[in-house]
2 protein chains.
Amino acid sequence: MSALLSAEELTRELDRIGEERYHHRHPFHALMHEGKLSRGQLQAWALNRYYYQSRIPIKDAFIVARSTDADFRRAWRKRIVDHDGDGKDAGGIARWLALAEATGLTREQVASERQVLPAVRFAVDSYLDLVQRGTMIEAVASSLTELFAGKLIALRLDRMREHYPWMENGLSYFQKRLTQAPEDSQFALQWVIEHAQSRAQQEQACHALRAKCDILWAQLDAIHFAYVEPGWPPPGAFQMRAEGQA
Amino acid sequence: MSALLSAEELTRELDRIGEERYHHRHPFHALMHEGKLSRGQLQAWALNRYYYQSRIPIKDAFIVARSTDADFRRAWRKRIVDHDGDGKDAGGIARWLALAEATGLTREQVASERQVLPAVRFAVDSYLDLVQRGTMIEAVASSLTELFAGKLIALRLDRMREHYPWMENGLSYFQKRLTQAPEDSQFALQWVIEHAQSRAQQEQACHALRAKCDILWAQLDAIHFAYVEPGWPPPGAFQMRAEGQA
């Protein structure tokens, strides 16, 4: 608990946390990848996860705002552009809306955020809280779930094409993340390794990664609870139509 | 949407929201009151709900801190004393720990908050956020779930004595709330009626009450998901022992 970890040891510990807690292990993802989700369940997932997507550039703007290092700010700004888009690219949020439309939802229904599960909202809002109130080490390290995203997204693309071919038009979000996530996560990992110069700061980084894994996991728990098993959406949340209904 | 509601109309609307959304309707409470929860499930409930209880006086201190009216502050301070205790009374948090002990947990295991479900934490933290960042109308109105607490607590006391007689020593928390909650909720209701002097402010009060109902409901969703059905506590959370184990 006292000696500073080497870069390799810290990286190994972060990997261990991801292996144990990242949402690639969540049973809802297993159902998704086995082709066992209905269209309504995929709608519920896309609609709820939109709330997370919509808060990502806000989260990144908070991190940019907290840094006094112009090089860091420039590097991190890329993430805001990736999600909000620019003259050349529509951005990740627009791609997520296209994914939601591919499931059969309207853009307006999703973008209004009216039917988001409260528990998804609470989890995502706690992410915004973490990057504002935590230390800068925690704010940056909470993004390190991206270290594990590549493998999950590659698998998902494969399995979605196999099991839900009607979603093909909505998959550009994931396609794009295959190249964006690795460069972002390597930058963040290097930054954490360089700036966590005490064992306590290294522990902060590990704690923030665990907290972020909890935030992702809790979203899927809430979606599963409401739309798979036992299947009880709370008052006011998105309701699935019975299968077969138009 | 435009005309100011009368005191009676506003009260009726708040009652309607409670009837629709307060957690007296949650299936986990139905199981509890039918005697269908195991000791382990009651432990999980007591341990997780402790996190909510522990944040109540913090929430109330934020509300006291926001008011420039000494009469209001004095009246609201009672709530802090009710939970934190004073020379004469141990307070509601101590009584909740006694409840948790009656289920067979140790005081330390509960008070450490180490095994709280992340989703419970997120929901409760969003309550703290609401009373800090919302308007004063919202902060006060979010306490109005207490209007509906009396009936639920009276029923619970009855049913707990019937179905879980071994918890008798832990029931003083609820016994005490039977008298505390009604006087608090009447004060808050009168304050909201007097201070919500536009329809927009009345809508704020209704919105805050709905948000608070969501916060209570989401806690039970998370507990049910982890410990009843499908029964998947996330990594790091409280684990039930198999029934029959000591």
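Parameters and conventions
All residue numbers refer to position in the chain's written sequence, counted from 1. Numbering of ligands from 1 and lettering of chains from A proceed in the order in which they are written. Residue-level local features of this predicted model are given only where pLDDT is at least 70; pairs of side-chain atoms are given and counted only at 80 or more, and the full residue set underlies all totals for whole chains, interfaces and linings. As a rule here, side-chain values come from all non-hydrogen atoms in the structure, and water together with hydrogens is ignored. Think of it this way: any DSSP run of H or I at least four residues long counts as a helix, any run of E at least two long counts as a strand, and we number them from the N terminus. Whether two residues touch is decided by their heavy atoms; if any such pair falls within 4.5 Å, the residues are in contact. Only the protein chains shown count as cover for residues, with accessible areas throughout obtained via the Shrake-Rupley method and a probe of 1.4 Å. For the purpose of counting charges, residues Lys and Arg are taken to be positive, whereas Asp and Glu are taken to be negative. His and the chain ends are not included. By convention, the charge on Lys lies at NZ, on Arg at CZ, on Asp at CG and on Glu at CD. Accessible area that two parts lose when put together, evaluated with a 1.4 Å probe and summed over both, is termed the buried area. Counted as salt bridges are all cases of a side-chain nitrogen of Lys or Arg within 4 Å of a carboxyl oxygen of Asp or Glu. In superposing the copies, a least-squares fit is computed on C-alpha atoms, taking residues whose pLDDT is at least 70 in both. Buried means the residue's accessible area, taken with a 1.4 Å probe over protein chains only, is under 20% of the maximum for its type, while exposed means over 50%, and partly exposed covers the values in between. Angles shown run from 0 to 180 degrees and are taken between the N-to-C directions of axes, each axis being a line fitted to C-alpha atoms and, for helices, limited to the stretch in contact. An angle below 35 degrees is treated as roughly parallel, one above 145 as roughly antiparallel, one from 65 to 115 as roughly perpendicular, and anything else as oblique. Here the nonpolar group is Ala, Val, Leu, Ile, Met, Phe, Trp, Tyr, Cys and Pro; Asp, Glu, Lys and Arg are the charged ones; every other residue, Gly included, is treated as polar. Two rings belonging to Phe, Tyr or Trp (six-membered ring only in the last case) form a pair when the distance between their centres is within 6.5 Å. Interplanar angles under 30 degrees mark stacking, angles over 60 mark edge-to-face geometry, and anything in between is tilted. Definition used: whenever NZ (Lys) or CZ (Arg) falls within 6 Å of the ring centre and also within 35 degrees of the ring normal, the charge is taken to sit over that ring. In plain words, nonpolar cores are sets of buried Ala, Val, Leu, Ile, Met, Phe, Trp, Tyr and Cys residues tied together by side-chain atoms within 4.5 Å. Known as pLDDT, the predictor's per-residue confidence is scaled from 0 to 100. Residue count minus one, scaled by 1.5 Å, sets the expected span of a helix. The directions considered for the arc run from the helix axis to the C-beta atoms. Bend at a residue means the angle formed by two fitted axes: the first through the 7 residues ending at that position, the second through the 7 residues beginning there.

1. Some remarks on the overall build of chain A
The helix and strand inventory of chain A stands at eleven helices and zero strands. Secondary structure elements in chain A, listed N-terminal to C-terminal, are α-α-α-α-α-α-α-α-α-α-α. In terms of overall dimensions, chain A has a C-alpha envelope of 60 × 40 × 35 Å along the principal axes. For chain A, contacts bridging at least 24 residues in sequence account for 79% of all contacts bridging at least 6. Just so you have it, chain A exposes about 10,500 Å², and 51% of that area is on carbon and sulfur atoms. With 31 positive and 32 negative side-chain charges, chain A shows a separation of 2 Å between the mean positions of the two kinds.

2. Examining the interface of chain B and chain A
Contact residues are listed per partner, giving 24 residues for chain B and 24 residues for chain A. Taking both sides of the interface into account, the surface hidden between chain B and chain A amounts to around 2,100 Å²; carbon and sulfur atoms contribute 71%. Together, F122, F225 and P235 of chain B form the three largest contributors to the area buried by chain B at its contact with chain A, with a combined 30%. For the pair chain B and chain A, the number of links is two salt bridges. A salt bridge links D129 of chain B to R133 of chain A, with the shortest nitrogen-to-oxygen separation between them at 3.6 Å. Only helix 1 (7–21), helix 7 (118–133) and helix 11 (199–227) of chain B provide two or more residues apiece to the side of chain B that touches chain A.

3. Details of the relation of the copies chain B and chain A
The transformation that overlays chain B on chain A combines an axial shift of 0.0 Å with a rotation of 180°, and the residual RMSD is 0.0 Å. Taken together, the turn and the small shift mark the pair as related by a two-fold rotation axis. Of the C-alpha atoms belonging to chain B, the one lying closest to the rotation axis is found on F122 of chain B, 2.6 Å away.

4. Quick notes on the pattern of salt bridges
Residues and elements named next belong to chain A. Going through the model one piece at a time under the given rule, you end up with 43 salt bridges over all chains. Close ionic contact of E19 with R25 constitutes a salt bridge, the shortest N to O distance being 3.0 Å. Using a relative accessible area of 41% as the deciding quantity, one classes E19 as partly exposed. Taking relative accessible area as the criterion, R25 reaches 47% and is therefore assigned partly exposed. Linking E146 and R177 is a salt bridge whose minimum nitrogen-to-oxygen distance equals 2.9 Å. Linking E146 in the loop between helix 8 (136–141) and helix 9 (149–163) with R177 in helix 10 (residues 172–195), this pair joins segments that are 31 residues apart in sequence. E146 sits in the buried class, given a relative accessible area of 16%.

5. What to know about the packing of helix 11 (residues 199–227) of chain A against helix 11 of chain B
Here helix 11 of chain A crosses helix 11 of chain B at 85°, and the two axes come no closer than 10 Å. With respect to helix 11 of chain B, the element helix 11 of chain A is oriented roughly perpendicular. Contacts from D221, H224 and F225 of chain A of helix 11 of chain A reach helix 11 of chain B at D221, H224 and F225 of chain B. Taken together, the residues of the contact of helix 11 of chain A with helix 11 of chain B break down into two nonpolar, two polar and two charged.

6. As for the packing of helix 3 (residues 39–66) of chain B against helix 5 (residues 92–102) of chain B
Residue and element names in this part refer to chain B. In contact at an axis separation of 9 Å, helix 3 and helix 5 are set at 170° when each is read in the N-to-C sense. If you check the angle between helix 3 and helix 5, you find them roughly antiparallel. Judged by residue contacts, R39, W45, A46, R49, Y50, Q53, S54 and P57 of helix 3 engage I93, W96, L97, L99, A100 and A102 from helix 5. In terms of residue class, the contact of helix 3 with helix 5 is built from ten nonpolar, two polar and two charged.

7. Let's talk about the packing of aromatic side chains
Counted under the stated rule, the structure contains 29 aromatic pairs over all chains. Seen from their ring centres, W45 of chain B and F174 of chain B are 6.3 Å apart, and the 15° between their planes marks the pair as stacked. Taken together, the positions of W45 of chain B in helix 3 and F174 of chain B in helix 10 (residues 172–195) put the pair 129 residues apart, joining distant regions of the chain. Each of the two residues, W45 of chain B as well as F174 of chain B, counts as buried. In this structure, R79 of chain A is placed above the aromatic ring of W76 of chain A, and the distance from its NZ or CZ to the ring centre is 3.7 Å. A cation sits over an aromatic face here: R39 of chain B above W166 of chain B, 4.0 Å from the ring centre.

8. A closer look at the side chain of E138 of chain B
All names here are of chain B. Residue placement: E138 occurs in helix 8 (residues 136–141). The charged side chain of E138 is buried without a salt bridge, its nearest counter-charge being R66 at 7.0 Å. Setting aside residues no more than four positions away along its own chain, E138 makes contact with Q204, H207 and A208.

9. Observations regarding the nonpolar core
In this structure, W45, M160 and F174 of chain A together with W45, M160 and F174 of chain B are the most contacted members of the largest nonpolar core, which totals 155 residues. In this structure, W45 of chain A is in contact with F28, H29, M32, W96, L99, R156, M160, F174, L220 and I223 of chain A, ignoring residues within four places of it in sequence.

10. A short note on the confidence of the model for chain A
Scored by pLDDT, chain A comes out at a mean of 95, with 98% of its residues at no less than 70. Of the two predicted TM-score estimates for the complex, the pTM is 0.90 and the ipTM is 0.82.

11. A short note on the side chain of S126 of chain A
Take S126 of chain A: it is sitting in helix 7 (residues 118–133). Sequence-distant contacts of S126 of chain A, that is, excluding residues within four places in its chain, are made with I215 of chain A together with F122 of chain B.

12. Some remarks on helix 1 (residues 7–21) of chain A
All names here are of chain A. With 15 residues, helix 1 should reach 21 Å at 1.5 Å per residue; the first-to-last C-alpha distance of 21 Å fits that figure. Taken residue by residue, helix 1 has L10, L14, I17, G18 and R21 as its buried positions. Projection of helix 1 onto a plane perpendicular to its axis shows the buried side chains occupying an angular sector of 100°, all on one side. Structural note: helix 1 exposes E8 and R12 on the side pointing more than 90 degrees away from its buried face. On its buried face, helix 1 is in contact with helix 10 and helix 11.

13. Comments concerning helix 3 (residues 39–66) of chain A
All names here are of chain A. With 28 residues, helix 3 should reach 40 Å at 1.5 Å per residue; the first-to-last C-alpha distance of 41 Å fits that figure. At I56, helix 3 shows its largest kink, close to 30°, and the proline P57 lies no more than four residues downstream. Burial analysis of helix 3 places 22 of its 28 residues in the buried class, the great majority of the element.

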